[in-house]
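# Structural characterization, general
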Amino acid sequence: MKLWAGRFQKETDTLVNDFNSSIGFDARLYRQDIAGSIAHAQMLGKQGIIEEHEAEKIVEGLKAILADIEDDKVEFSLDNEDIHMNIEALLTQRIGDAGKRLHTGRSRNDQVAVDTRLYVKQEIPTIIKAILNLEEVLVKKAKDNLDTVMPGYTHLQRAQPTTFAHYMMAYANMFKRDVTRLEDCLQRLDECPLGAGALATSTYPLDRFATAQALGFAKPTDNSMDSVSDRDYAIELLSDLSILMMHLSRFSEEIVLWCSWEFKYVDLDDAYSTGSSIMPQKKNPDVAELVRGKTGRVYGSLVTLLTMMKSLPLAYNKDMQEDKEALFDAVDTVELCLPVFAAMVDTLTVRPKNMAKAAAGGFINATDCADYLTKKGLPFREAYMIVGRLVNLCIKTGDTLDTLTLKDFRAISSLFDEDVYDALALKTCVNERKVYGGPSKDSVQTQIKLIEEFVDGHRV
Ligand code: ARG
């Protein structure tokens, strides 16, 4: 018989029973649900709402159920709808009448809200840890490649010289923001909805401060209607995870390009690539492609929740049960992607010669050539025009700027001297960019230090 069967005269249709049930996916909240129930029962006992000895019996019963679930000895039932009713039914089966007192002053509406908040609270540090591990890989790659000159691109056209280290630190900064966004989300969600009841608390003297503290929250939520109808914390997490996946996806895209024969800037380790069933020569970047592909799932979860919430009147509505699969799938996806992505980057081999060759071929020192003339007194716009003409000449003759003779240079501007070759050397072009945040060795070392300090300071 259903826990709520009292006012009904008919059995629930089996179709409705299956349709309504969430135990198939919310069973994974059993730990959070039991923790919430223990805190609630202890508070009920302390407040004299139920007898202390009954509270103790409930707590013991819940602990035994937890142990049995962990030992795989419990089978949940579809008839009990969700994890909350399953555990309550098991408790009553096991300890009798005392079990029936657990739900005093409580509703599944505040119960599910506390469970999902506890779940998000638990998962954020796991995700942060995985991002910090990736940051360490990026730092390592950067340290090994401070002098690895490569082209930087705009519009995917070779633009200006940079280094692989500078490139790695660009991504490190994105992931740093991802960590701080997640920490921010964690801080804002740190309020306990338990005690909000169905929507309007209770006539019992519930001590919401005590349950909040027992469950490790900073404080109880301030409005009971908001408490049971709020899923902002899940939406915030999914937004943060969507941005994180967008970063991983951009990085994946670069890796896919870089390991193509057209670029050959990197080689993926054999253990992190896959072959083709028909083309014997193939070595495919499946890990990067899958991370790029899975980004869509996480965006999908975010849109699911935003859409599910957008027209809901206060307070709880059953639509909200739909939050869980989307939330779990996004968290699982991110937790799956981060370690394998970090290992793929960690094990890839950089090809500095190919990067240097590409850097030498694309006129990426053209801005430096213009700057050379500007430093000799020419206004930048005029210098820019002169270098444009030089590039045009090179394209016709098959030269690069540094293979032109001094005569060629001087035919276009008498300001050119022998020292132009030094100014055009790619190493010079990179290392003269000493501006804060730039690609010079010193600047990148500062960037590495900042990321290292960040990682050390944010390990939990
Ligand atoms: N399984 C439900 C959910 O996930 C729990 C809350 C049910 N509350 C209710 N009044 N039907 O949202």
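These figures come from a predicted structure and were not determined experimentally.

Bringing the overall build of the chain into the picture now. Of the regular secondary structure elements, the chain holds 20 helices and six strands. Relative to the globule expectation of 23 Å for 460 residues, the C-alpha radius of gyration of the chain, 31 Å, shows a markedly less compact shape. C-alpha atoms of the chain, sized along the principal axes, occupy 100 × 50 × 40 Å. Across the 460 residues in the chain, those meeting the buried criterion constitute 50%. Sequence-distant contacts in the chain: of pairs separated by 6 or more residues, those separated by 24 or more amount to 75%. Only carbon and sulfur atoms are counted for the fraction: they give 53% of the accessible area of the chain, which is about 22600 Å². Put simply, the chain has 54 plus and 70 minus side-chain charges, and the middle of one group is 5 Å from the middle of the other.

Among the secondary structure elements, T333 is positioned in helix α13 (residues 323-347). For T333, a relative accessible area of 4% corresponds to the buried category. The contact partners of T333, leaving out residues within four places of it in the chain, are K294, R297 and V298.

At their nearest, the axes of helix α5 (residues 83-95) and helix α7 (residues 108-144) sit 10 Å apart, and the two run at 110 degrees to each other. When the interaxial angle is binned, α5 and α7 end up roughly perpendicular. Taken together, the residues of α7 that come into contact with α5 (itself represented by I83, H84 and M85) are R108, Q111, V112 and D115.

What follows concerns the packing of aromatic side chains. Considering all chains together, one arrives at twelve aromatic pairs under this definition. With centroids separated by 4.7 Å and ring planes inclined at 45 degrees, the aromatic side chains of F409 and F416 adopt a geometry described as tilted. Owing to a relative accessible area of 0%, F409 belongs among the buried residues under this scheme. Residue classification places F416 among the buried positions, given a relative accessible area of 0%. Taken together, the ring pairs connect Y171, F175, F251 and F341 into an aromatic cluster. We note R7 situated over the ring of F8; from NZ or CZ to the ring centre the distance is 5.7 Å. The ring of Y384 carries R381 above its face, with NZ or CZ at 4.9 Å from the centroid.

This part is about the nonpolar core. Formed by 102 residues in total, the largest nonpolar core has its most connected members in L138, L241, F251, I255 and W258. Beyond its immediate chain neighbours, meaning those up to four positions away, W258 contacts M150, F164, Y167, M168, F251, F263, K264, Y265 and V266. With 19 residues, the next largest nonpolar core counts F363, A370, V387 and L401 among its residues.

Time to look at the pairing of strand β2 (residues 157-163). Across six bridges, the pairing between strand β1 (residues 149-154) and β2 is antiparallel. By the bridge assignment, Y153 is partnered in β2 with R158. Hairpin connection between β1 and β2: a loop of two residues separates the two successive antiparallel strands, and H155 in this loop has a positive phi of roughly 55 degrees.

Taken as a whole and assessed by the stated rule, the structure comprises one cavity of 30 Å³ or more. Volume-wise, the largest cavity comes out at about 30 Å³. Y153, L156, Y167, E254, L257, W258 and F263 are the residues that line the largest cavity. No other element matches the three residues that helix α11 (residues 232-258) contributes to the lining of the largest cavity.

What follows covers the pattern of salt bridges. Pairing is possible between side chains that carry opposite charge, provided their charged atoms lie close to one another. One pass over the full model with this rule turns up 33 salt bridges. Across the pair D184 and R188 runs a salt bridge, and its minimum N-O distance is 3.0 Å. With D184 and R188 both in helix α8 (residues 164-188) and four residues apart, this pair spans about one turn of that helix. Its relative accessible area of 35% is what places D184 among the partly exposed residues. We classify R188 as partly exposed; its relative accessible area is 46%. The partner of R231 in a salt bridge is D323, and the shortest N-O contact between them spans 2.9 Å. On the criterion of sequence distance, the pair formed by R231 in the loop between α10 (224-229) and α11 and D323 in helix α13 is long-range, its members being 92 residues apart. Both residues of the pair, R231 and D323, belong to the buried class. Residues joined by salt bridges that share partners form a network here, namely E81, D82, R108 and K318.

The subject of this paragraph is the side chain of T295. Relative to the helices and strands, T295 is located in helix α12 (residues 286-309). Of the residues examined, T295 reaches a relative accessible area of 4% and is grouped as buried.

On to the layout of surface pockets, then. By volume, the largest pocket amounts to about 560 Å³. Lining the largest pocket are 29 residues, with Y153, T162, H166, Y167 and A170 sitting closest to its centre. Of all the secondary-structure elements, those providing two or more residues to the lining of the largest pocket are β1, β2, α8, α11 and α20 (441-458). Here the element with the most residues in the lining of the largest pocket is α8; it accounts for eight residues. Residues belonging to the lining of the largest pocket are distributed by class as follows: 14 nonpolar, ten polar and five charged.

Definitions and cut-offs
Residues numbered from 1 in each chain as written. Predicted model: local features only at pLDDT ≥ 70, side-chain atom pairs only at ≥ 80, totals over all residues. Heavy atoms only, no water. Helix = DSSP H or I, 4+ residues; strand = E, 2+ residues; numbered from the N terminus. Rg over C-alpha atoms; globule rule 2.2 N^0.38 Å. Buried < 20%, exposed > 50% of the residue type's maximum accessible area, 1.4 Å probe, protein only. Contact = heavy atoms within 4.5 Å. Areas by Shrake-Rupley, 256 points an atom, 1.4 Å probe, with all protein chains shown as cover. Lys, Arg positive; Asp, Glu negative; His and termini not counted. Charge placed at Lys NZ, Arg CZ, Asp CG, Glu CD. Axes fitted to C-alpha atoms, helices over the stretch in contact; angles between N-to-C directions. Parallel < 35°, antiparallel > 145°, perpendicular 65-115°, else oblique. Phe/Tyr/Trp six-rings, centres within 6.5 Å; stacked < 30°, edge-to-face > 60°. Lys NZ or Arg CZ within 6 Å of the ring centre and 35° of its normal. Core = buried A, V, L, I, M, F, W, Y, C linked by side-chain atoms within 4.5 Å. Pairing = 2+ DSSP bridges. 1 Å grid on protein atoms, 1.4 Å probe; cavity = no way out; pocket = protein on both sides within 12 Å on 5 of 7 lines; lining within 4 Å. Points joined across faces, edges and corners; volume = space filled by probe spheres on them. Salt bridge = Lys/Arg side-chain N within 4 Å of Asp/Glu carboxyl O. Nonpolar A, V, L, I, M, F, W, Y, C, P; charged D, E, K, R; others polar.

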